[in-house]
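# Remarks on the overall topology
Here's the letter readout for the chains.
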Amino acid sequence: NAGVTQTPKFQVLKTGQSMTLQCAQDMNHNSMYWYRQDPGMGLRLIYYSASEGTTDKGEVPNGYNVSRLNKREFSLRLESAAPSQTSVYFCASSEMRGYTEAFFGQGTRLTVV
Amino acid sequence: DAKTTQPTSMDCAEGRAANLPCNHSTISGNEYVYWYRQIHSQGPQYIIHGLKNNETNEMASLIITEDRKSSTLILPHATLRDTAVYYCIVLETGANSKLTFGKGITLSVRP
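A brief report on the enclosed structure follows. (Residues numbered from 1 in each chain as written. Chains lettered and ligands numbered in written order. Predicted model: local features only at pLDDT ≥ 70, side-chain atom pairs only at ≥ 80, totals over all residues. Heavy atoms only, no water.)

### Re the overall build of chain B
Looking only at helices and strands, chain B features zero helices and nine strands. The linear arrangement of helices and strands in chain B, starting from the amino end, is β-β-β-β-β-β-β-β-β. Referenced to the eigenvectors of the C-alpha coordinate spread, the extents of chain B come out at roughly 40 × 30 × 25 Å. Buried positions account for 42% of the 111 residues belonging to chain B. (Helix = DSSP H or I, 4+ residues; strand = E, 2+ residues; numbered from the N terminus. Buried < 20%, exposed > 50% of the residue type's maximum accessible area, 1.4 Å probe, protein only.)

So, in structure tokens, the structure goes:
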């Protein structure tokens, strides 16, 4: 039982490049989330998906797009990376929004140069 | 618009109880108190949550005041591995629920 798996673990991008961060959970959870964490800061919610087929913006959605591919997978896309998007990205899932604990992946450390 | 207030940091001796306070004076009736922690560079980890009754699990105890305006997370026998950032989060139930993190409190457990 792997829980929440994020790929890749590390990535360096040049400004203007695009990439997709992948997230998959094997707990049959309905809700999935993407956060970013800048040095010395708490986590900020980028996008979330309450259930398969739905997505909503969080606190800091600008510059990102998401796809809830199926119940297991929730991807985050940077269309044109900027240095301000250098951060650690965490994916999380929970059975149902607001009621149960969320499980987090180990993070993707992204550097945009 | 922070819903919770936590001290920036605290420390405790290994083997002693760590009592981490949190103020949430504007909490409403349908909001739960959740605690997560984040050990350096790892993803956050759920610890415990409660509505109004005190809760205990294998990791910690959660004491919520009767007026629900504050709570305390208790780690009964802190170890060096408990050194982490602890987040107190007030989370409403229902369709608009969002797990939102503040800056948390850094707990340092000293040998």
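Structure shown, so let's carry the discussion forward.
### Things to note about the pattern of salt bridges
Applying the stated rule across the entire model yields six salt bridges over all chains. Note that A:Arg36 is salt-bridged to A:Asp38, the shortest N-O span being 2.9 Å. The exposure class of A:Arg36 is buried, given its relative accessible area of 8%. One salt bridge connects B:Asp82 with B:Arg37, and the closest N-O pair in it is separated by 2.8 Å. With B:Asp82 in the loop between strand S7 (70-75) and strand S8 (84-92) and B:Arg37 in strand S3 (residues 31-38), this pair connects stretches of sequence that are 45 residues apart. Accessibility classification places B:Asp82 together with B:Arg37 in one group, the buried group. Each of the salt bridges in this network shares a partner with another, and the network as a whole consists of A:Arg36, A:Asp38 and A:Arg44. (Salt bridge = Lys/Arg side-chain N within 4 Å of Asp/Glu carboxyl O.)

### Observations concerning the sheet that holds S3(B)
Residue and element names in this part refer to chain B. Reading across the sheet, the five strands line up as S1-S9-S8-S3-S4 and stay open at both edges, with mixed pairing between neighbours. At either end of the open sheet lies a strand with only one pairing partner, and these are strand S1 (9-13) and strand S4 (45-50). If you compare each strand with its neighbour and ignore which way they point, the axes differ by 25° on average. Two strands pair when backbone bridges link them, and S3 and S8 are joined in this way by eight bridges, in the antiparallel orientation. Within S8, the position partnered with Gln 38 by the bridge is Val 85. (Pairing = 2+ DSSP bridges. Axes fitted to C-alpha atoms, helices over the stretch in contact; angles between N-to-C directions.)

### Topic: the packing of aromatic side chains
One pair of aromatic rings is described through two measures. These are the centre distance and the angle between the planes. Residues and elements named next belong to chain B. Under the criterion given, the structure shown has twelve aromatic pairs over all chains. Ring centres of Tyr 34 and Tyr 36 lie 6.4 Å apart, and the angle between their planes is 15°; on these two criteria the pair is classed as stacked. Residues Tyr 34 and Tyr 46 carry aromatic rings whose centres are separated by 6.3 Å and whose planes lie at 65° to one another, so their mutual orientation is edge-to-face. In this pair, Tyr 34 sits in strand S3 while Tyr 46 sits in strand S4, placing the two residues twelve residues apart along the sequence. (Phe/Tyr/Trp six-rings, centres within 6.5 Å; stacked < 30°, edge-to-face > 60°.)

### Digging into the state of the cysteines
Residues and elements named next belong to chain B. With the rule as written, the count across this model stands at two disulfides over all chains. Through a disulfide, Cys 22 is tied to Cys 88; the S-S separation comes to 2.1 Å. Since a negative S-S torsion denotes a left-handed disulfide, the Cys 22-Cys 88 link at about -85° is left-handed. Residue Cys 22 is found in strand S2 (residues 18-23), and its partner Cys 88 is found in strand S8; the two are separated by 66 residues along the sequence. Looking at Cys 12, it has no disulfide partner, and the nearest cysteine sulfur is the one in Cys 22, 18 Å off. Classification of Cys 12 as buried rests on a relative accessible area of 7%. (Disulfide = S-S within 2.5 Å.)

### Some words on the sheet that holds S2(B)
Residue and element names in this part refer to chain B. One open sheet holds the four strands; their spatial order is S2-S7-S6-S5, and the pairing between them is antiparallel. In the strand order of this sheet, the two ends are held by S2 and strand S5 (55-56), each with one partner. As judged from the six bridges shared by S2 and S7, these two strands associate in the antiparallel manner. Paired with Pro 21 across the strands is Thr 72, a residue of S7.

### Points about the environment of A:Val4
Looking at the element boundaries, A:Val4 is found in strand S1 (residues 4-7). Ignoring anything within four residues of it in the chain, the contact list for A:Val4 reads A:Cys23, A:Ala24, A:Gln25, A:Met27, A:Cys91, A:Ser93, A:Phe103, A:Phe104 and A:Gly105. (Contact = heavy atoms within 4.5 Å.)

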